[in-house]
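Chain residues, written in single-letter form:
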Amino acid sequence: AALFFTGGPMKRILKACLIAICWLALWQFAAMAAGSAILLPSPWETVKAFAALAGTGYFWKTAGATLLRVAAGFLLGMAAGTALGVLTAFSRLADEFLSPIRGIVKATPVTSFIILVLLWFTATLTPVFIAFLMVTPIAWANVREGVLAVDAQLLEMAEVFRLSRTKKLRHIYLPSVLPQYLAACTTGFGFAWKSGVAAEVIARPAFSIGRNLYESKLYLNTEELFAWTALVILLSMLLERLMVRAMRRIRK
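Residues numbered from 1 in each chain as written. Predicted model: local features only at pLDDT ≥ 70, side-chain atom pairs only at ≥ 80, totals over all residues. Heavy atoms only, no water.

S.K.: Tell me about the packing of aromatic side chains, and name the residues and values.
M.R.: Think of a pair of aromatic rings as described by two things: how far the centres are apart, and how the planes are tilted against each other in angle. The final tally for this structure, using the stated rule, is 8 aromatic pairs. A connected cluster of aromatic rings, assembled from ring pairs, spans F50, F59, W60 and W228. Its guanidinium or amino end placed over the ring of F207, K61 lies 4.1 Å from that ring's centre, counting from NZ or CZ. The ring of W140 is capped by R102, whose NZ or CZ atom sits 5.0 Å from the centre of that ring. (Phe/Tyr/Trp six-rings, centres within 6.5 Å; stacked < 30°, edge-to-face > 60°. Lys NZ or Arg CZ within 6 Å of the ring centre and 35° of its normal.)

S.K.: Break down a nonpolar patch on the surface for me, citing the residues and quoting the values.
M.R.: On the surface, I19, W23, L26, F29 and M32 cluster together to form a nonpolar patch covering roughly 600 Å² of accessible area. In this fold, F29 is placed in helix α1 (residues 9–34). A relative accessible area of 56% places F29 in the exposed class. (Patch = residues over 30% accessible without salt bridge, like charges linked within 9 Å, V, L, I, M, F, W, Y side chains within 5 Å. Areas by Shrake-Rupley, 256 points an atom, 1.4 Å probe, with all protein chains shown as cover. Salt bridge = Lys/Arg side-chain N within 4 Å of Asp/Glu carboxyl O. Helix = DSSP H or I, 4+ residues; strand = E, 2+ residues; numbered from the N terminus. Buried < 20%, exposed > 50% of the residue type's maximum accessible area, 1.4 Å probe, protein only.)

S.K.: With reference to specific residues and values, describe the nonpolar core.
M.R.: Counting 27 residues, the largest nonpolar core has F74, M78, W193, I209, W228 and L231 as the members making the most contacts within it. Contributing elements (two or more residues each) for this core: α2 (43–54), α3 (57–90), α6 (125–148), α8 (165–203), α9 (209–218) and α10 (222–251). Sequence-distant contacts of W193, defined by excluding residues within four places in its chain, comprise T66, L67, V70, I209, V232, L235 and S236. (Core = buried A, V, L, I, M, F, W, Y, C linked by side-chain atoms within 4.5 Å. Contact = heavy atoms within 4.5 Å.)

S.K.: Requested: an account of the side chain of N212, with residues and values cited.
M.R.: The residue N212 is located in helix α9 in this model. At a separation of 3.1 Å, a polar atom in the side chain of N212 contacts the side chain of Y58. Ignoring anything within four residues of it in the chain, the contact list for N212 reads Y58, T62 and W228. (Polar contact = N/O pair within 3.5 Å; in protein donor to acceptor, adjacent residues only side chain to side chain.)

S.K.: Talk me through the packing of α3 against α8; I want residue IDs and the actual numbers.
M.R.: The geometry of α3 relative to α8 is characterised by a closest axis approach of 9 Å and an angle of 140° between their N-to-C directions. Looking at the two axes, α3 sits oblique to α8. Like other packed secondary-structure pairs, α3 and α8 cross with a definite hand, here right-handed. Counted together, T66, L67, R69, V70, F74, M78, T82 and F90 of α3 and Y173, Y181, A184, C185, G188, F189, A192, W193, G196, V197 and E200 of α8 form the full contact between these two elements. Residue composition of the contact of α3 with α8, by class: 13 nonpolar, 4 polar and 2 charged. (Axes fitted to C-alpha atoms, helices over the stretch in contact; angles between N-to-C directions. Parallel < 35°, antiparallel > 145°, perpendicular 65-115°, else oblique. Left-handed = near helix turned anticlockwise from the far one by under 90°. Nonpolar A, V, L, I, M, F, W, Y, C, P; charged D, E, K, R; others polar.)

What follows is the structure, given as structure tokens:
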């Protein structure tokens with residue numbers, strides 16, 4: 001087994017498979033010890049439930065609807081956070097006036113926001129707004145730090161050579177802000193995904209993963225509960241990997 005833990009892409013794959021097998025074996029032993037699929041279904045029971053769900057159009061429509069809500073909230077949050085980050089970096093008054101809002105959003109439990117937002121929005125829009133709310137302060141803080149980190153000497157040089165605003169933005173501000181912005185994208189999407197699904201569990205909009213998680217628990221259908229949870233995990237890992245690859249291309 002020690003050979004699997006040293007060098008080479010094939011050995012890394014074998015190592016990952018060995019680790020996965022170990023965890024699946026532990027899961028199987030725990031399910032056997034529980035003695036009931038209601039308490040803890042086995043890996044095979046979960047796979048069967050997942051395969052049964054994946055064979056229905058409802059499954060894919062639900063996954064797509066949840067992705068659409070989370071993506072909408074994420075994009076709106078990144079746009080708002082970028083605007084606020086730029087504004088508060090260039091205006092000290094705006095920073096002092098708006099910073100309490102950022103602190104409140106970061107400190108308040110997401111469950112409290114979900115319950116409050118349900119008073120103002122429909123069940124369908126609540127996950128979108130919650131994802132937006134979680135992403136905005138992350139993008140806000142990172143963009144602001146990136147703008148403030150711009151080298152003052154470069155700005156002085158730009159003034160001396162009378163560079164246009166477009167050239168300042170492209171050659172001075174963007175290189176400073178881009179790493180922070182890309183980090184905000186990857187971190188923000190993780191928060192958007194988790195908070196969006198959590199909002200769906202409470203709001204229970206039609207065609208949502210969160211609604212199915214709640215109903216699976218309500219009717220003690222633990223195999224489907226694990227299957228929907230597996231879908232959340234798999235989509236999160238896939239989307240995170242795709243985003244990381246996209247970020248690497250943008251950096252290059």
